[in-house]
Amino acid sequence: MISSRMSINVSIIIVNYNTEQLLFNCLESVYKYTKDISFEVIVSDNGSTDNSIEMLHKYYPLVIVIENKENLGFGRANNRGLGIAKGKYIFYLNSDTILLNNAVKFFFDYWESADNKDEIGALGSNLCNKVLHTTHSYGYFPDFGNIWNDIKALIYNIYGYNKLALLNIFFDKKIPNINNNTIFINKYGMVEYITGADLFLKNDLYAKFDENYFLYCEETDLQYRMSRHKKKRLIISGPEIIHLEGASSKKRKENIISQKASFSYVNYTLSRIYFFSKYGIPVYKIFLMKLLTFMLWCNPFLFTKNKKYFWRLLTI
């Protein structure tokens, strides 16, 4: 069914949600550097209220635009693009990325020339931030054998964050800020999963995301399914791509309690619990994770923002 439509080498799919300028810069780099290969660009827009749609029609009329009427999340929006993609390969690309060279063709040529192409599940590259330092490009699957570490971390968080809240309420003690100074290193060859910011795959069933994830862990889940079918996930040399989110996260300082109530962290928590429950972790451990997460969110500094997610937590 898919193969009959494949007259294009690569379909580049970008999910956008109110990132007009970032998207403009990303597309500018795509059209500047992508040469000697047939490609299409599909932007799946999650109900943006900025001028993203107008910008696309004005400056990038060749881009295929899917106007979702609401924020569908990362996986569902990408799947909408996948549903109309004509490329032999799919390149999922974040809107906050900038290509520095003909990255798309590097990926395409590597796969096409590989002796073991049928064993490849996905390709990615070592991403860099805007000052060209390596940033988050790959990661590891959640450790099913040590889920008790996750549970102990939740218990520690309940104690630690409630203690901070009480000290703030009764003694006006300032709650400290955090700053993410994680150091990332280049790696080539096999990894457990490639970050979803630059994910190059074959246009087949392995390219479809599980839509039960709203944000985070979608690419982890997708590539975990690949791993169970012995498909390799490889970081290759050649493609050069800036991922701006990696740079901004290192400068972001926020209250450590507020961070636990952030949209990103809450969705990461929900996605991680769903990931564990999907792949057969005993029900009592999932229940314990949900209960402890519920108790953490009852923190007086977290409850107001997190209460709207309680139903999603219960229904995972």
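Note: the structure precedes this text.
The paragraphs below set out a description of the structure included in this document. (Residues numbered from 1 in each chain as written. Predicted model: local features only at pLDDT ≥ 70, side-chain atom pairs only at ≥ 80, totals over all residues. Heavy atoms only, no water.)

Another point: the sheet that holds strand S11 (residues 198-202). Taken together, eight strands build an open sheet; the order of strands is S3-S2-S1-S4-S11-S6-S12-S9 and the sheet is mixed. The strands lining the two open edges of the sheet, one partner per strand, are strand S3 (64-68) and strand S9 (189-190). Both S9 and strand S12 (residues 232-235) contribute to a ladder of two bridges, which runs antiparallel. The residue of S12 that forms the bridge with glycine 189 is isoleucine 235. Running over the sheet, helix H4 (residues 103-113) touches strand S1 (8-16), strand S4 (87-93), strand S6 (120-124), S11 and S12 and is turned about 155° from S6. (Pairing = 2+ DSSP bridges. Helix = DSSP H or I, 4+ residues; strand = E, 2+ residues; numbered from the N terminus. Contact = heavy atoms within 4.5 Å. Axes fitted to C-alpha atoms, helices over the stretch in contact; angles between N-to-C directions.)

The next point concerns the pairing of S4. A large share of S4 lies buried, amounting to six of its seven residues. Pairing analysis gives five bridges linking S1 to S4, with the strands arranged parallel. Paired with isoleucine 8 across the strands is glycine 87, a residue of S4. Pairing geometry for S4 and S11, over five bridges, is antiparallel. Residue pairing in the sheet places leucine 93 in a bridge with aspartate 198 of S11. (Buried < 20%, exposed > 50% of the residue type's maximum accessible area, 1.4 Å probe, protein only.)

Quick look at the pattern of salt bridges now. The final tally for this structure, using the stated rule, is nine salt bridges. Arginine 80 serves as the salt-bridge partner of glutamate 211, at 3.0 Å between the closest nitrogen and oxygen. Of the two residues, glutamate 211 is situated in the loop between S11 and helix H6 (218-228) and arginine 80 in helix H3 (residues 74-84); the sequence distance between them amounts to 131 residues. The partner of glutamate 112 in a salt bridge is lysine 88, and the shortest N-O contact between them spans 2.9 Å. Of this pair, glutamate 112 sits in helix H4 while lysine 88 is found in strand S4, placing the two residues 24 residues apart along the sequence. On the accessibility criterion, lysine 88 (29% relative accessible area) is partly exposed. Because the salt bridges share partners, they merge into one network encompassing Asp210, Asp221, Arg225 and Lys278. (Salt bridge = Lys/Arg side-chain N within 4 Å of Asp/Glu carboxyl O.)

Here the focus is unusual backbone geometry. Positive phi, close to 60°, is recorded for aspartate 36, a residue that is not glycine. With respect to the element layout, aspartate 36 can be found in the loop between helix H1 (20-33) and strand S2 (39-46). The backbone of tyrosine 216 shows a phi angle near 80°, a positive value even though the residue is not glycine. Position of tyrosine 216 among the secondary structure elements: in the loop between S11 and H6. Look at tyrosine 216 and you get partly exposed, because its relative accessible area is 33%.

Below, the discussion takes up the pairing of S2. The side chains of a regular strand alternate between both faces of the sheet. Within S2, seven of the eight residues are buried, which leaves the element mostly enclosed by the surrounding structure. Sheet topology note: the S1/S2 ladder contains seven bridges and is parallel. Bridge pairing in S2 places isoleucine 14 opposite valine 43. Chirality of the crossover, the property in question, places the unit of S1, H1 and S2 among those that are right-handed. Of the strand pairs in this sheet, S2 and S3 are connected by five bridges, and their pairing is parallel. (Right-handed = clockwise from strand over helix to strand, strands pointing away.)

A separate point is the packing of aromatic side chains. A complete count under the given rule lists 31 aromatic pairs for this structure. On the basis of an interplanar angle of 25° and a centroid distance of 6.4 Å, the ring pair of phenylalanine 141 and tyrosine 193 is categorised as stacked. Here the residue phenylalanine 141 occupies a position in the loop between strand S7 (138-139) and helix H5 (147-171), and tyrosine 193 occupies one in strand S10 (residues 193-194), the gap between them amounting to 52 residues. Overall, the relative accessible area of 14% leaves phenylalanine 141 in the buried class. Judged by its relative accessible area of 12%, tyrosine 193 is buried. (Phe/Tyr/Trp six-rings, centres within 6.5 Å; stacked < 30°, edge-to-face > 60°.)

What follows covers H1. Taking 1.5 Å per residue as the helical rise, H1 with its 14 residues ought to reach 20 Å, and the 20 Å between its terminal C-alpha atoms agrees with that figure. Within H1 the residues assigned to the buried category are Leu23, Cys26, Leu27, Ser29 and Val30. Buried residues of H1, viewed axially, fall in a sector of 160°; they line one side. Exposed and facing more than 90 degrees away from the buried side of H1 are Gln21 and Lys32. Contacts made by the buried residues of H1 are with S1, S2, helix H2 (52-59), S4 and strand S5 (97-99). (Expected span 1.5 Å × (residues − 1). Arc of directions from axis to C-beta.)

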